[in-house]
Amino acid sequence: MIEEIGIIEVRKIVSTLLERYEIDLQDYSMTSLKRRFILSMLENKVKNVDELVNKIISNPQFFEKFMFDISINDTEMFRDPSLWRVIRNEIIPKVEAQLTFKIWMPDCGSGEELYSLLIILKEEGILDKVKVYASNLSRKKIEFIKEGVYEIKRDDVNSANYERAKCNNDFSEYYTLVNNRMKMDTSLVDNVEFIHTNSIFKKSPEGVKLIIFRNHLIYLNKTLQNKVIEHLQSILLTGGFLIIGVKELLNTIDAERKFKVINDSERVYQKNLY
Amino acid sequence: MNDIKAVMIGGSAGSFQVVTKILASLPKDYKLPIFMCLHRLKHVRSGFVEALSIKSEMPVIEPFDKDPIRPGVIYLAPANYHMYIEADKRFSLSTEEPVNHSRPSIDLSFYTAAYAYKSKLAGIILSGANRDGAKGLKAVKDNGGITIVQDPKEAQVDTMPSSAMALTSIDYVYSTDQIISFLKKINNA
């Protein structure tokens with residue numbers, strides 16, 4: 001069983017992805033990236049890095065599975081319930097005056113945050129006037145989210161979070177049990193525009209009013225974090241909102257000039273007028 | 001005695017009293033960074049670090065992602081995140097799947113700290129009702145660091161220290177008071 005791979009081997013995998021598929025993971029956080037590679041090798045019974053690299057190069061189907069494995073899952077719906085209360089009570093009233101507006105998730109993970117957002121929009125009666133864009137590096141993850149089938153063992157967490165978010169209904173209204181798994185009400189994602197891309201910097205929507213990008217900066221090093229924040233800033237409309245994870249920071253001089261803090265503990269920022 | 005540069009402590013919520021006793025005994029000018037990965041309620045973000053701060057002369061904080069590690073600070077793994085130590089001596093946080101039903105996972109924190117600090121790490125496992133931490137402490141040993149468990153006779157729930165003892169060789173089996181003396185000794189080394 002593989003428990004450890006060296007930094008040189010990690011770099012070999014990274015350069016393979018870059019050369020063969022133009023996927024650039026060079027400035028990702030080393031520890032989590034290495035861990036994702038090792039977990040994927042274990043999952044797919046790949047014995048060593050040379051075998052992994054060969055399969056990535058020569059087997060497009062394996063490559064899709066590999067991207068599915070290394071992309072990060074959300075693991076729970078309505079994570080940080082207090083944030084979802086802020087979105088419903090403070091953010092939506094500020095943006096819904098417009099006839100239509102755009103929300104972007106630059107990495108929609110395994111979909112739990114996306115479904116949480118869509119449920120809130122539905123309960124507020126504005127699902128139809130919002131255009132939601134959801135990007136992902138993994139084509140299979142997008143299929144997975146459209147399928148909307150999640151492990152039932154997480155239902156306790158999901159339901160408890162939903163209640164703490166003080167939503168209006170019962171969480172069980174949004175799924176049915178199929179083979180002891182949760183099949184989400186996939187009509188929620190009917191109007192979502194999924195974007196498969198090999199880079200967060202490519203195929204971004206324009207004129208976005210709200211960007212939700214929680215717990216993805218943590219997988220990037222400081223250099224790439226700053227570039228990504230700069231890019232998100234350029235996509236946001238003036239006065240638009242950016243939400244990041246509760247343990248992530250916008251603390252460069254540039255970011256502090258371009259954003260003002262709307263809610264410190266929930267990491268909600270607004271793009272300044274100038 | 002190795003030239004210890006950092007300390008990693010793992011335990012469950014049940015080891016809160018032991019942890020506060022240890023923190024209360026360390027001087028304000030303690031030099032080493034101390035990482036603490038304690039199992040805690042994942043949806044309760046605030047309160048824990050405040051409760052520990054009351055007892056401690058040293059600053060106690062929950063790091064933000066990519067914060068650099070500073071000497072003389074006690075770092076508590078935040079609720080619902082794994083806490084990794086990067087080789088460049090910064091924290092990385094992660095929302096990857098729970099390990100041993102735990103996030104933060106003690107194994108992952110220990111494992112990454114052992115990789116980053118090699119023989120310069122002291123790892124301590126306290127009381128707890130879960131095997132989490134055993135593999136992590138083995139990683140500390142495999143990298144040449146010092147391994148310590150709280151004496152199972154003293155621990156409220158001994159699954160955690162006993163699992164570690166079963167998996168790897170332990171340098172010291174200590175009572176809480178002996179753990180405190182050890183921490184003071186490596187600070188003056």
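Residues numbered from 1 in each chain as written. Chains lettered and ligands numbered in written order. Predicted model: local features only at pLDDT ≥ 70, side-chain atom pairs only at ≥ 80, totals over all residues. Heavy atoms only, no water.

### Some remarks on the packing of aromatic side chains
Inspection of every chain in the model, using the stated rule, returns 21 aromatic pairs over all chains. When the centroid spacing of 5.7 Å and the interplanar angle of 85 degrees are considered together, the rings of Phe35 of chain B and Phe91 of chain B count as edge-to-face. Of this pair, Phe35 of chain B sits in strand S2 (residues 34–38) while Phe91 of chain B sits in strand S6 (residues 91–94), placing them 56 residues apart in sequence. The buried category is assigned to Phe35 of chain B, whose relative accessible area is 0%. On the basis of relative accessibility, which here comes to 0%, the residue Phe91 of chain B falls in the buried class. Ring-pair connections join several aromatic residues into one group, and the members of that group are Phe78, Trp84, Tyr162, Phe171, Tyr174 and Tyr175 of chain A. Above the plane of the ring of Tyr133 of chain A lies Lys131 of chain A, whose end atom (NZ or CZ) is 6.0 Å from the centre. Note that Lys118 of chain B overlies the ring of Tyr115 of chain B, its terminal NZ or CZ placed 4.2 Å from the centroid. (Phe/Tyr/Trp six-rings, centres within 6.5 Å; stacked < 30°, edge-to-face > 60°. Helix = DSSP H or I, 4+ residues; strand = E, 2+ residues; numbered from the N terminus. Buried < 20%, exposed > 50% of the residue type's maximum accessible area, 1.4 Å probe, protein only. Lys NZ or Arg CZ within 6 Å of the ring centre and 35° of its normal.)

### Considering the pairing of S2 of chain B
Residue and element names in this part refer to chain B. Burial analysis of S2 places five of its five residues in the buried class, the great majority of the element. The two faces of S2 match: Ile34, Met36 and Leu38 on one face and Phe35 and Cys37 on the other face are all buried. With five bridges joining them, strand S1 (residues 6–11) and S2 adopt parallel strand pairing. When the bridges of S2 are listed, Val7 appears paired with Ile34. A crossover connection joins S1 to the parallel S2 through helix H1 (residues 16–25); in handedness this β-α-β unit is right-handed. As defined by bridge partners, S2 adjoins strand S4 (residues 74–76) across three bridges and the pair is classed as parallel. Bridge pairing links Met36 to Leu76 in S4. (Pairing = 2+ DSSP bridges. Right-handed = clockwise from strand over helix to strand, strands pointing away.)

### Regarding the side chain of Thr75 of chain A
With respect to the helices and strands, the residue Thr75 of chain A is situated in the loop between helix H4 (60–70) and helix H5 (81–95). In this structure Thr75 of chain A comes out as buried when scored by relative accessible area, which is 5%. A distance of 3.0 Å separates a polar atom in the side chain of Thr75 of chain A from a polar atom in the side chain of Arg103 of chain B. Beyond its immediate chain neighbours, meaning those up to four positions away, Thr75 of chain A contacts Ser110, Glu112 and Arg154 of chain A together with Thr95, Glu96, Glu97 and Arg103 of chain B. (Polar contact = N/O pair within 3.5 Å; in protein donor to acceptor, adjacent residues only side chain to side chain. Contact = heavy atoms within 4.5 Å.)

### Observations regarding the domain arrangement of chain A
When the parts of a complex come together, some accessible area is lost, and that lost area is often used as the size of the interface. All names here are of chain A. Along its sequence, chain A is organised into domain 1 (7–70) and domain 2 (81–271). Using only C-alpha atoms to locate each centre, domain 1 and domain 2 end up separated by 27 Å. With eleven residues of domain 1 in contact, the opposing surface of domain 2 contributes 13 residues. Carbon and sulfur atoms supply 54% of the area buried between domain 1 and domain 2, which totals about 1,200 Å² over both sides. It is Asp27, Glu64 and Phe68 in domain 1 that bury the most area against domain 2; as a group they hold 47% of the surface buried on that side. On the surface where domain 1 and domain 2 come into contact, there are two salt bridges. Between Glu22 and Lys202 there is a salt bridge; the shortest N-O distance is 3.9 Å. Here the side of domain 1 that touches domain 2 gets four residues from one element, more than from any other, and that element is H4. When grouped by side-chain class, the residues that make up the side of domain 1 that touches domain 2 number five nonpolar, two polar and four charged. (Domains from an automatic or database assignment. Buried area = accessible area lost by both parts, 1.4 Å probe. Salt bridge = Lys/Arg side-chain N within 4 Å of Asp/Glu carboxyl O. Nonpolar A, V, L, I, M, F, W, Y, C, P; charged D, E, K, R; others polar.)

### Points about the interface of chain A and chain B
Between chain A and chain B, the residue contacts involve 36 residues of the former and 28 residues of the latter. Taking both sides of the interface into account, the surface hidden between chain A and chain B amounts to around 2,600 Å²; carbon and sulfur atoms contribute 47%. Between the two partners, chain A and chain B, sit six salt bridges. One salt bridge connects Asp80 of chain A with Arg45 of chain B, and the closest N-O pair in it is separated by 3.1 Å. For the pair chain A and chain B, the number of links is 22 residue pairs in polar contact (both at pLDDT 80 or more). Residue contributions to the side of chain A that touches chain B peak at six residues, all from helix H2 (residues 30–43) of chain A. A per-class count over the side of chain A that touches chain B returns ten nonpolar, eleven polar and 15 charged.

### Some words on the nonpolar core
Residue and element names in this part refer to chain A. Formed by 45 residues in total, the largest nonpolar core has its most connected members in Phe78, Leu121, Phe171 and Met184. Counting only elements with at least two residues in this core, the list comes to H5, strand S1 (101–105), helix H6 (112–123), strand S2 (130–136), helix H7 (139–147), strand S5 (181–184), strand S7 (208–213) and strand S8 (236–244). Sequence-distant contacts of Leu121, that is, excluding residues within four places in its chain, are made with Ile92, Ile103, Ile126, Leu127, Val130 and Val132. (Core = buried A, V, L, I, M, F, W, Y, C linked by side-chain atoms within 4.5 Å.)

### Some words on the pairing of S8 of chain A
Residues and elements named next belong to chain A. Across the nine residues of S8, seven count as buried, placing the element largely inside the fold. Note that S7 and S8 share five bridges and pair parallel. Within the sheet, the bridge partner assigned to Leu210 lies in S8 and is Phe241. The β-α-β motif built from S7, the intervening helix H9 (residues 222–235) and the parallel element S8 has right-handed crossover chirality. Relative to strand S10 (residues 268–271), S8 runs antiparallel, the two sharing three bridges. Its bridge partner lying in S10, Ile243 is registered against Val268.

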